[in-house]
Amino acid sequence: MKILRKFKKLAGQIIKILYRLVYRLIRVDDKLVIFISFHGRGYSDNPRAIYEQMKKDERFKDYRFIWFIKNHEKKNIKIAGAEIKEYFSIPYFYYLSKAKYWVINCKMPDYICKKPSQIYLQTWHGTPLKRLGHDIIAPKDATFYRSGMTYKQMCATYDIDVARYNYMISPNKFCTEVFQTAFGIDRQRLIETGYPRNDFITNANEEDIKKLKQKFDLPLDKKIVLYAPTWRDNSYVAAGYTFELKADFHQWKEILGDDYIVIFKPHYLIINNYANDHSLDGFLYSISADAEINELYVLSDILITDYSSVFFDYAVLNRPVYFYMYDLEEYKDELRGFYLDIHTELPGKVYEDEETMLKDVKNEVYDYSYLKIFNERFNSEQTGNCAQKVIDIVFQGK
């Protein structure tokens, strides 16, 4: 295995070198669009919403669409109307050089080369609660990511990618301000359209909810709690980020009772799997980290999260949000810091004690005035047609 890993690493380095030497020689195709979501993890998020809207638009009927997805054959992913190529393969580098349009929701590596004639739409993937990029408040000796980057090196990774953006989506006025300082991007390249992925949330109806519950084989007659915590910057192993599950789901079952079920959805960066406890069968449903979370939003009745940005999108549904921050002091003081005052500006109450939170969920203790104020500030652009707004700006110059 060690020899194989070394060979793959060497092969990857050779491919990168060849790519840098020849990418300028590949002619740009004005009707080719590529899509990447979460570094090739799947078919999801803002790129998916934009793609699906483009497929409905007659103006793009003769365009070619390519998705880059890791292990797509093993995952058996099919996308109607699009080709799928392996992420970080020779075709990946070839079509990066050939496509006129890039639609991507994550920071790209610094070895990627972009020609002046190519258009890079950075959709990003959330309104941030945690500070990003240049806005992170960190001590001088702080390191970032599994590679142990310094603060300066970490900021440079953003600067390199941001320099390539032609457009970056902002979901709200708050992000329009934050992205300028966090990413060092000028206002002219920010398009304040709302997030395309939230069109599905805004437009979902009761029939959609029923179909989604059937898709995930969930009961139709129980309240559904979605538990979606984020990753921790300081919890990782060589292969990726890990998450130490602090939820006592046995206690959740005891307190919430037979009227509820829980869906556990890890963050997409989390690599560790969670063993099934069969005593929780019929109560706890573990969902892959690669699953389309918008579908889980729509089918659930309640969200429990921590520092994840998922609550910004979930608030569109006007359903209760509870914040379980068991490691609040450590997170606040040792990691990135927050943009918002978590005790006054979130759409729900912060809990450090699990039992207290669960009793409030059970007894439906929730102040909906949190949501009204929050949505006026953060979700006024979520009008149900955000994907079309983005397409008209980026592809049609409106």
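Keep in mind it's a predicted model, so treat the numbers as computed, not measured.

## Thoughts on the packing of helix α9 (residues 249–256) against helix α13 (residues 354–362)
And then number 1: Running from amino to carboxyl end, α9 crosses α13 at an angle of 35 degrees, the nearest separation of the two axes being 9 Å. Relative to α13, α9 is oriented so that their crossing is right-handed. Between α9, through Gln251, Trp252, Ile255 and Leu256, and α13, the contact on the second element is made entirely by Glu354, Glu355, Met357, Leu358, Lys359, Val361 and Lys362.
And then number 2: Across the contact of α9 with α13, the residue classes break down as six nonpolar, one polar and four charged.

## Regarding the sheet that holds strand β17 (residues 350–351)
And then number 1: Here we have six strands laid out as an open sheet, ordered β14-β13-β10-β15-β16-β17, and parallel in their pairing. In this open sheet, the two edge strands, each paired with only one partner strand, are β14 (284–286) and β17.
And then number 2: Judged from the five bridges that link them, strand β10 (residues 223–227) and strand β13 (residues 260–264) form a sheet pairing that is parallel. What sits directly across from Ile224, in β13, is Ile261.

## A word on the pairing of β13
And then number 1: In terms of burial, β13 is largely enclosed, as five of its five residues are buried.
And then number 2: Burial along β13 is two-sided: the face carrying Tyr260, Val262 and Phe264 and the face carrying Ile261 and Ile263 are both buried.
And then number 3: Summarising the sheet, β13 and β14 pair through three bridges and their orientation is parallel. Residue pairing in the sheet places Val262 in a bridge with Leu284 of β14.

## Re the pairing of strand β16 (residues 321–324)
And then number 1: Neither face of β16 is left uncovered, since the one carrying Val321 and Phe323 and the one carrying Tyr322 and Tyr324 both have all their residues buried.
And then number 2: As judged from the three bridges shared by strand β15 (residues 302–305) and β16, these two strands associate in the parallel manner. Its bridge partner lying in β16, Leu303 is registered against Val321.
And then number 3: Direction of pairing for β16 relative to β17: parallel, over a ladder of two bridges. Each residue of the ladder has a partner; that of Phe323, found in β17, is Val350.

## Quick word on the side chain of Asn379
And then number 1: Inspection of the secondary structure puts Asn379 in the loop between α14 (369–378) and α15 (386–394).
And then number 2: A polar side-chain atom of Asn379 sits 2.6 Å from a polar atom in the side chain of Asn375.
And then number 3: Aside from chain neighbours lying at most four places away, what touches Asn379 is Phe312, Ala315, Val316 and Phe374.

## Comments concerning the sheet that holds strand β1 (residues 29–36)
And then number 1: If you walk across this open sheet you meet the seven strands as β3-β2-β1-β4-β5-β8-β9, and the pairing is parallel. Here the strands that pair on one side only, and so sit at the sheet edges, are β3 (83–86) and β9 (190–192). Strand-to-strand, the axes of this sheet are offset by a mean angle of 25 degrees, without reference to chain direction.
And then number 2: Examined bridge by bridge, strand β8 (residues 167–170) and β9 share three bridges and lie parallel to one another. Among the inter-strand pairings, Ile169 is bridged to a residue of β9, identified as Ile191.

## Section: the pattern of salt bridges
And then number 1: Taken as a whole and assessed by the stated rule, the structure comprises 19 salt bridges.
And then number 2: With a shortest N-O distance of 2.8 Å, Lys215 and Glu295 are connected by a salt bridge. Taken as a pair, Lys215 in helix α8 (residues 206–215) and Glu295 in helix α10 (residues 293–299) lie far apart in primary sequence, 80 residues in all.
And then number 3: Residue Glu295 is classed as buried on the basis of its relative accessible area of 11%.
And then number 4: The residue Lys389 makes a salt bridge to Glu381 at a minimum N-O spacing of 3.6 Å.
And then number 5: In the salt-bridge network here, residues are joined through shared partners; they are Asp45, Arg197 and Asp313.

## Here's the deal with the side chain of Gln251
And then number 1: By secondary structure assignment, the location of Gln251 is in helix α9.
And then number 2: Setting aside chain neighbours within four positions, we find Gln251 in contact with Glu354, Glu355 and Leu358.

## Observations regarding unusual backbone geometry
And then number 1: Phi angles above zero are rare outside glycine, and His39 is one such case at about 55 degrees.
And then number 2: Positionally, His39 belongs in the loop between β1 and α2 (45–56).
And then number 3: The phi angle at Asp45 is positive, at roughly 65 degrees, despite the residue not being glycine.
And then number 4: Among the structural elements, Asp45 can be located in helix α2.

Rules and cut-offs
Residues numbered from 1 in each chain as written. Predicted model: local features only at pLDDT ≥ 70, side-chain atom pairs only at ≥ 80, totals over all residues. Heavy atoms only, no water. Axes fitted to C-alpha atoms, helices over the stretch in contact; angles between N-to-C directions. Helix = DSSP H or I, 4+ residues; strand = E, 2+ residues; numbered from the N terminus. Left-handed = near helix turned anticlockwise from the far one by under 90°. Contact = heavy atoms within 4.5 Å. Nonpolar A, V, L, I, M, F, W, Y, C, P; charged D, E, K, R; others polar. Pairing = 2+ DSSP bridges. Buried < 20%, exposed > 50% of the residue type's maximum accessible area, 1.4 Å probe, protein only. Polar contact = N/O pair within 3.5 Å; in protein donor to acceptor, adjacent residues only side chain to side chain. Salt bridge = Lys/Arg side-chain N within 4 Å of Asp/Glu carboxyl O.

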